[in-house]
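Secondary and tertiary structure notes
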Amino acid sequence: MNPDICRERENATFNTETLTNMLDGSAEKTRRRREIESLVINDPDFQHDDPNFMSRSERYDAAVKKSSQMIMKLRDYGISDPEEIYFYKRTARRTFHEAFGLHYTMFLPTLYSQCTPEQQKKWLPLAENFKALGTYAQTELGHGTHIRKLETTATYDPSTQEFVLNCPTVSSIKWWPGGLGKTSNHAIVLAQLYTLGKCHGLHAFIVPIRCMKTHQPLPGVTVGDIGPKFGFEEVDNGYLKLENVRIPRENMLMKYAQVEPDGSYLKPPSDKLTYGTMVFIRAMIVGESARALSKSCTIAIRYSAVRHQSELRPGEPEPQILDYQAQQYKLFPLLAAAYAFTFVGQYMSDTYHRITGHINQGDFSQLPELHALAAGLKAFTTWTANAGIEVCRMACGGHGYLCCSGLPDIYVTFTPTCTYEGENTVMMLQTARFLVKCYRQAREGQQLSGTVSYLNEQQRLQPQPVSSRPTVVNINDLASLVEAYKLRAAKLVEVAAKSLQGELQRSISQEDAWNNSSIELVRASDAHCHYVVVELFAAKLSEISDTAVHSVLNTLALLYALHGITLNSGDFLQLSQITQRIKALLVEIRPNAVALVDSFDYNDEMLNSVLGRYDGNVYESMFEWAKRSPLNRTEVRSFIIFNIIQKK
Ligand SMILES: CCCCCCC/C=C/C(=O)SCCNC(=O)CCNC(=O)[C@H](O)C(C)(C)COP(=O)(O)OP(=O)(O)OC[C@H]1O[C@@H](n2cnc3c(N)ncnc32)[C@H](O)[C@@H]1OP(=O)(O)O
Ligand SMILES: Cc1cc2nc3c(=O)[nH]c(=O)nc-3n(C[C@H](O)[C@H](O)[C@H](O)COP(=O)(O)OP(=O)(O)OC[C@H]3O[C@@H](n4cnc5c(N)ncnc54)[C@H](O)[C@@H]3O)c2cc1C
């Protein structure tokens, strides 16, 4: 064990196992999680070489094999709890997505949430036993964001009680769905529903695309892989062109909307229920932001504890780079954000399941807030985590750029979260749409609830414009900082609403007014989400009984809140002493930095990083890794070429 990393662990002021148990929910949950992870770690089938030594085709084939193995093994172990399956899979797939990922994350959830009981009776056994292997095909070449303009059609033929699926133009070809290119034999296809000559907008259909026996594309189906991407190498994101493909009427997902045998259309309680799967994934992505950022912080902080470089004081030995204030200022706010997002991810998941429970009972009243919260937090946390992963990579110097550091793979796998499941700017504008509506309701005296109730509070307490009020902040008191974020959010929502109002008074259209206020609208959503994150971080602290853990997390929460103020100082009164306070907090966190990342409890296999190894023996393992590179399998590779060049 590297002596530096040993010393770091000896200097910690809290018990990492206590914090790990808190993050898991209990000591028993930690035990069980580790037990499941050890099933993968000790399984020779999952001991393979670094995918970075493989070609794309090899990586895809290996991913399909791994997905298949995981299915068999989970069955053999009798593991069926979704959370335990997740622990098993994330250990086996390490940093990468799995080939069957879309089947689990979108195809199955859509069947669960949008099929009638009869349809579930038919399709769930097929899908849960992987006879029907599916994806979620919504995006087209011409449209990803603006789904009301998707062009694929599903036209009902009452004479045969079938839908005829068509991609009428090149721009209507389905493009991007994960697992579509080579893996799936079915797809949930989002298409414009036409019946009795009328268009009823976007609906979901189960479309067989490959023969369940031969896996050959079915008649009228052109399907394939869209080619190499920035990452996601294990996933065959694909294209799908449908030409007069007929499916039975029963293949339209009819839990909410129905087409009768004669073609008559029964509309849903809300036309946004078709969008439900997207809300689910957005909510889950918040937790993915926490995991990607916490993994990156684990790697960068452990490496920074063992890396010695340069000179702090002349004549002294080279210090650990973690002792540089600049290195701490890079990494510790990200470590704080990783903890914040871990708690927000738990809150988002709980909120999603609570509200969808009400929706399943027919209460749709909280759907707008769920949509706004999932959209905003997905955008807010992925933007922060995406940038943070790059900061962690660069904080590791040259070795951070090696694939064996794990950071390039974390980055290229994570970065599309800023785009898929709702491009982040578009999502922030969706949240803004909800905030402006709530602001106007508060102005009219309506009582708001949930995460926007502060808009009432500000109106009631101080009717004068929010922006005119002084921001007095006690920088050592988290509650005071939460109030500052609340005031900032209220102020920026008011600024955005007033910008809209001002545009409208110039008698331009609602749409142009909206577009001309987009900068303020996005900033208002960002401020709202930032307040929600700070507020939830503070609320979590009140649940922590262990004083040592409470103290270190309180320090992190103060750092997160104060650092956020410096990043947005234009929105807060720039409090000059904040920078000094931040410096003091960095010093406070320094002895606990490694223990704090240890508490995330990522085993080396899952971390997949030579720099972030638990034992800190970085250089030896880097050298061993490099020697396994395919280019080093022969001592001489292109001698012939050199020979030719030398002869000229
Ligand atoms: C965890 C790891 C997973 C890895 C795999 C992930 C693979 C990736 C998969 C994908 O990317 S699937 C495709 C994802 N695509 C999108 O997310 C498309 C984004 N675009 C949209 O969602 C919509 O086009 C829009 C931007 C929301 C606009 O929709 P629309 O034009 O219909 O709405 P508006 O006119 O803006 O608003 C109307 C009204 O509807 C409400 N609303 C919009 N969306 C939803 C929703 N999902 N749920 C509930 N309500 C919604 C919106 O708030 C408006 O309400 P009011 O203000 O009128 O009350
Ligand atoms: C790795 C990956 C996996 C994917 N997997 C799937 C999948 O499984 N299934 C599936 O259906 N799709 C999938 N997608 C597609 C994904 O959902 C879309 O790419 C995403 O919704 C963004 O849409 P777009 O590509 O049309 O971007 P665009 O909307 O064209 O974005 C381009 C720019 O336009 C801006 N813009 C667009 N509309 C507005 C507006 N109203 N106001 C302001 N600015 C705007 C955006 O902010 C952005 O800056 C995947 C994509 C990726 C990268």
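Per an unreviewed UniProt entry, the protein goes by the name Acyl-coenzyme A oxidase and belongs to Pygocentrus nattereri. As recorded by UniProt, the Pathway (unreviewed entry) comment attached to the protein reads in full: "Lipid metabolism; peroxisomal fatty acid beta-oxidation." On record in UniProt, under Cofactor (unreviewed entry), the comment for the protein is "FAD".

1. A look at the packing of aromatic side chains
Aromatic ring pairs are described here by two measures, namely the spacing of the ring centres and the angle between the planes. For the structure shown, the criterion picks out 17 aromatic pairs. Above the plane of the ring of Tyr-614 lies Arg-9, whose end atom (NZ or CZ) is 3.6 Å from the centre. Lying across the ring of Phe-46, Lys-73 places its NZ or CZ 5.6 Å from the centre.

2. Some thoughts on the packing of helix H8 (residues 276-306) against helix H10 (residues 367-394)
Two numbers describe how H8 lies on H10: the axes approach to 8 Å, and their chain directions differ by 20°. When the interaxial angle is binned, H8 and H10 end up roughly parallel. Note on packing geometry: the crossing formed by H8 with H10 is left-handed. Facing Val-279, Arg-282, Ala-283, Ile-285, Val-286, Ser-289, Ala-292, Leu-293, Ser-296, Cys-297 and Ala-300 of H8, the residues of H10 in contact are Leu-370, His-371, Ala-374, Ala-375, Leu-377, Lys-378, Thr-381, Thr-382, Ala-385, Gly-388, Ile-389 and Cys-392. When the residues that make up the contact of H8 with H10 are grouped by side-chain class, the tally is 15 nonpolar, six polar and two charged.

3. Section: the sheet that holds strand S4 (residues 174-175)
Taken together, the three strands give an open sheet; going across it, the order is S4-S8-S7, and neighbouring strands pair in antiparallel fashion. In the strand order of this sheet, the two ends are held by S4 and strand S7 (221-225), each with one partner. Bridge count between S4 and strand S8 (residues 238-242): two bridges; the pairing is antiparallel. By the bridge assignment for S8, Lys-174 is matched with Leu-240.

4. Side note on the UniProt feature "binding site: FAD" (unreviewed entry) in the protein
Those residues carrying the UniProt feature "binding site: FAD" (unreviewed entry) are Thr-139 and Gly-178 in this numbering. Across 40 residues of sequence, these annotated residues stay compact in space, with a maximum C-alpha separation of 10.7 Å. Along the chain, Thr-139 turns up in the loop between strand S1 (134-137) and strand S2 (153-157). Once residues within four sequence positions are removed from consideration, Thr-139 is found in contact with Gly-144, Ile-173, Lys-174, Trp-175, Trp-176 and Pro-177. Following the sequence through the fold, Gly-178 ends up in the loop between S4 and strand S5 (186-195). The residues touching Gly-178, leaving out its near neighbours within four places in the chain, are Leu-102, Thr-135, Val-235, Asp-236 and Asn-237.

5. A few points about the pattern of salt bridges
If charged atoms from side chains of opposite charge come close, those side chains can pair. A complete count under the given rule lists 36 salt bridges for this structure. We note a salt bridge from Glu-250 to Arg-249, for which the minimum N-O separation is 3.9 Å. For Arg-488, the salt bridge identified is with Asp-526, shortest N-O distance 3.8 Å. Here Asp-526 lies in helix H16 (residues 518-541) and Arg-488 lies in helix H14 (residues 478-505), a separation of 38 residues in the sequence. We classify Arg-488 as buried; its relative accessible area is 2%. Judged by relative accessible area, which is 21%, Asp-526 ranks as partly exposed. A single network of salt bridges, built from pairs that share partners, joins Glu-17, Asp-24, Arg-33, Arg-34, Glu-37, Arg-90 and Asp-601.

Rules used throughout
- Residues numbered from 1 in each chain as written.
- Chains lettered and ligands numbered in written order.
- Predicted model: local features only at pLDDT ≥ 70, side-chain atom pairs only at ≥ 80, totals over all residues.
- Heavy atoms only, no water.
- UniProt positions renumbered as here; feature names shortened; annotations may be inferred.
- Phe/Tyr/Trp six-rings, centres within 6.5 Å; stacked < 30°, edge-to-face > 60°.
- Lys NZ or Arg CZ within 6 Å of the ring centre and 35° of its normal.
- Axes fitted to C-alpha atoms, helices over the stretch in contact; angles between N-to-C directions.
- Helix = DSSP H or I, 4+ residues; strand = E, 2+ residues; numbered from the N terminus.
- Parallel < 35°, antiparallel > 145°, perpendicular 65-115°, else oblique.
- Left-handed = near helix turned anticlockwise from the far one by under 90°.
- Contact = heavy atoms within 4.5 Å.
- Nonpolar A, V, L, I, M, F, W, Y, C, P; charged D, E, K, R; others polar.
- Pairing = 2+ DSSP bridges.
- Salt bridge = Lys/Arg side-chain N within 4 Å of Asp/Glu carboxyl O.
- Buried < 20%, exposed > 50% of the residue type's maximum accessible area, 1.4 Å probe, protein only.

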